[in-house]
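Here's the letter readout for the chains.
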Amino acid sequence: MSVLVFLEHHGGELQKGSLGVLGKAATLGDDVSAVLAGGDVRSLAAEAGKYGAKTVYVLEDDSLEPPTPQPRVDVLATLVQDKGFDAVLFGNSVLAADVAAGLAARLDAGLNWDLVDLSSDFVGKRPALQDSVLVDVGWRSTPRLALFRAGSFDPAESGGGEPAIEDVSVDFEEHSRGAKVVSQEAEQSSGPSIEDADVIVAGGRGLGAPENFTLAEELAKALGGAVGATRAVVDAGWYPYSAQIGQTGKVVSPKLYVALGISGAIQHKVGMQSSNVIVAINKDPNAPIFEFSDLGVVGDVHEIVPKLTELIQQRKT
Amino acid sequence: MKIAVCVKHVPEGHARLDPTSKRLDRTGEGALNHFDANAVEEALRLKGDSDSEVVVVSLGPERAADSLRKALAMGADRAVLVSDDAAAGSDLVATSAILAKALERENADLVLFGQQASDADGAVLWAAVAERLHRPVVSQAAELTLTDGSLRVKRQTEFGYDVIEAPLPAVVAVSDAINEPRYPSLKGIMGAKKKPFETLSLGDVGVDAAQAGDAGSKTEVLALGEPPSRGDARKIEDGGNAAQEIVDFLAEKRLV
Ligand SMILES: Cc1cc2nc3c(=O)[nH]c(=O)nc-3n(C[C@H](O)[C@H](O)[C@H](O)COP(=O)(O)OP(=O)(O)OC[C@H]3O[C@@H](n4cnc5c(N)ncnc54)[C@H](O)[C@@H]3O)c2cc1C
Ligand SMILES: Nc1ncnc2c1ncn2[C@@H]1O[C@H](COP(=O)(O)O)[C@@H](O)[C@H]1O
């Protein structure tokens, strides 16, 4: 079984998510390769060897540094066609999901997504329907494409040596070069880091309006904690990106996580599911967040939170 | 200009898998995937007062007509439903092949998708469809603007925000924060009944039954199991005393 792992890099570093997947691939068999495409990527190839890549395919090209998926589909399709890989593995990210799905269509290859594990006989484990069921999934043809849920595997060095480095050359499709990144805005972190907080009070769209974030802030202050947010409210400009929790935000594991008006989408869950105690207030009794809360409260945040803050303040005095 | 919006009819409430077929149980009530309401809203916003056309496209059972009608009631101009028993159980490869064929017939300048299907949570279909259509794709759009012949998207990644431009025709998947979808008005609901509505079979869109449904799928569900449980979770209704109950719970856990 020959396996190819899609490696992502940012700011001169290989990303943990894809290294975790590479480490996983190395536990499944020995024929493991990785692929890196971007500006200054040759220097990163050796690092991939430590995580189990025997061969690293490199396409060093400044025009590939911006994270657009379609040229990467061309790169992977070329490699699969030339080398005949049995499987291509991806760690989920905004970029990787689009590369994986584009490759599936290009090659008419099966893609299983949101996997949390994979066995050496290629049966994948996927929690489905808001994680209410754990499904075993398989493939009917090769190459098998697998997209793993963010954070499924911690990167583990497997003691591998220097990998062989091979250059790849690719003819790009015209449509692949259509989308262009014109600017990138790095995260501005301000205030105390939420990753170290013992208590996090996170707000979602159920707060109703940006100014209602004061409800979360006051409760957080009473509990001695920090404030977090969902992508929906960050994208809408209600709260800064640095406070976002989830797949494209921070991964946190405080002693207490209080979710206010948050539905509990999978992409939010992956950022906070290892919190010790989770308390959720949501007015929809069917909200997915209740599936993984220790205390779920069906009710209105505007009614409950001010009282809760007051009661906690009273206890302290 | 023509804008096509791909929308899905999803089960309402708690979705479940049928233990025998191992497929999603679609026998209960369904509704328009709420993430797709954002895509419909965005198409209507881009259309504005212009004479652009907004066509909504879905692949699904006959009942998916309800979701398309809702999109028409919101203001879309026309609906296309691809419905065929042979398409049931299509995976990503098969679904993207069928939708791409239906979209080729439309030849829209812009194809919009929602952020994810609430039953599948794949958040992947657009990239597969764009590949089949040979068009540029941009996903997770939190802001979208069109200027003569090209589009501009602001979108979130793991590292911050990127601004991406692409020439039309193109495919864009919007985030759920891009807008606040309107509710259909009574007038909209009445008007929707008179809007053009096409129901097509696989043959009509030029897809061979062998490329669709179970036969055309490259992945399969092998078994269903129980996920690990989180222990003794409690759920209460607020009867006016919830704040105190939360404090008691936190005190019991020694968190206050
Ligand atoms: C590639 C990708 C990456 C993503 N990354 C992230 C990420 O990093 N972090 C993240 O959070 N999301 C992420 N998402 C988005 C995620 O899928 C959800 O869209 C998002 O988490 C929803 O945010 P929300 O819970 O605030 O809003 P909604 O889903 O709109 O939920 C609002 C909730 O508030 C409840 N509510 C409304 N009014 C009240 C009230 N008065 N009192 C109590 N409850 C009320 C509602 O019942 C509802 O459940 C990502 C999505 C994709 C596709
Ligand atoms: N059967 C379908 N018919 C039309 N559009 C769909 C269908 N399934 C998914 N979509 C679109 O693809 C998006 C992503 O779906 P998914 O990748 O399945 O999570 C949805 O938000 C819809 O816009």
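The numbering scheme is per chain: residues are counted from 1 as the chain's sequence reads. Whichever chain is written first becomes A and whichever ligand is written first becomes 1, with later ones labelled in order. Confidence filtering applies because this is a predicted model: local features only for residues at pLDDT of at least 70, side-chain atom pairs given and counted only at 80 or more, and all residues used for totals across whole chains, interfaces and linings. The basis for the side-chain values is all heavy atoms of the structure; hydrogens and waters are excluded.

Engineer: Which residues make up the sheet that holds strand β1 (residues 3-6) of chain A, and what values go with them?
Structural biologist: Residue and element names in this part refer to chain A. Spatially, 7 strands are ordered β7-β11-β6-β1-β4-β5-β12 in an open sheet, and the strand pairing comes out parallel. Each edge of the sheet is formed by a strand with only one pairing partner; in this case those strands are β7 (111-115) and β12 (164-167). Each neighbouring strand pair of the sheet contributes to a mean axis angle of 25 degrees, computed without reference to strand direction. Note: two strands are recorded as paired if DSSP finds a minimum of 2 bridges between them. Runs of H or I in DSSP of at least four residues are treated as helices and runs of E of at least two as strands, each being numbered from the N terminus. When β1 meets strand β6 (residues 87-91), the two strands line up parallel, connected through 3 bridges. In the strand pairing of β6, leucine 4 is matched with valine 88. Running at roughly 170 degrees to β1, helix α1 (residues 16-28) makes contact with β1, β4 (32-38), β6 and β11 (144-148) of the sheet. All axes are obtained by fitting lines to C-alpha atoms, using only the stretch in contact for helices, and the reported angles, taken between N-to-C directions, cover 0 to 180 degrees. When checking whether two residues touch, look at their non-hydrogen atoms; a contact exists if any pair is within 4.5 Å.

Engineer: Account for the environment of A:Gly160, naming residues and giving values.
Structural biologist: All names here are of chain A. Note that glycine 160 resides in the loop between β11 and β12. C-alpha separation for the pair glycine 160 and lysine 54, spaced 106 residues apart in sequence, amounts to 7.8 Å. Contacts of glycine 160, omitting those with residues within four sequence positions, involve Gly49 and Lys50.

Engineer: I'd like a rundown of the pattern of salt bridges, residues and numbers included.
Structural biologist: By salt bridge we mean one thing: a side-chain nitrogen of Lys or Arg within 4 Å of a carboxyl oxygen of Asp or Glu. According to the stated counting rule, one finds 30 salt bridges over all chains in the structure shown. Among the salt bridges present, the one from A:Asp108 reaches B:Arg132, with a minimum N-O distance of 2.9 Å. Of this pair, A:Asp108 sits in the loop between α4 (94-107) and β7 while B:Arg132 is found in helix α4 (residues 125-133), placing the two residues in two different chains. Assessed through its relative accessible area of 34%, A:Asp108 is described here as partly exposed. Here A:Asp235 and A:Arg231 are joined by a salt bridge, their closest N and O atoms 3.7 Å apart. Burial classes follow relative accessibility: with a 1.4 Å probe on protein chains only, a residue under 20% of its type's maximum area counts as buried, one over 50% as exposed, and anything between as partly exposed.

Engineer: Quick one: what's the story with the interface of chain B and chain A, residue by residue and with numbers?
Structural biologist: Taken residue by residue, the interface counts 80 residues in chain B and 89 residues in chain A. Buried area: the sum, over both parts, of the accessible surface (1.4 Å probe) that disappears when the two are put together. Counting the surface chain B buries against chain A, the share from its top three residues, B:Glu131, B:Phe159 and B:Arg230, is 11%. Our enumeration of links across chain B and chain A arrives at 5 salt bridges. Polar contacts, as used here, are pairs of N or O atoms within 3.5 Å; protein pairs need one atom able to donate a hydrogen and one able to accept it. Residues neighboring in sequence count only if both atoms are side-chain atoms. Between chain B and chain A we count 44 residue pairs in polar contact (both at pLDDT 80 or more) in total.

Read these as spatial facts, not as claims about activity.
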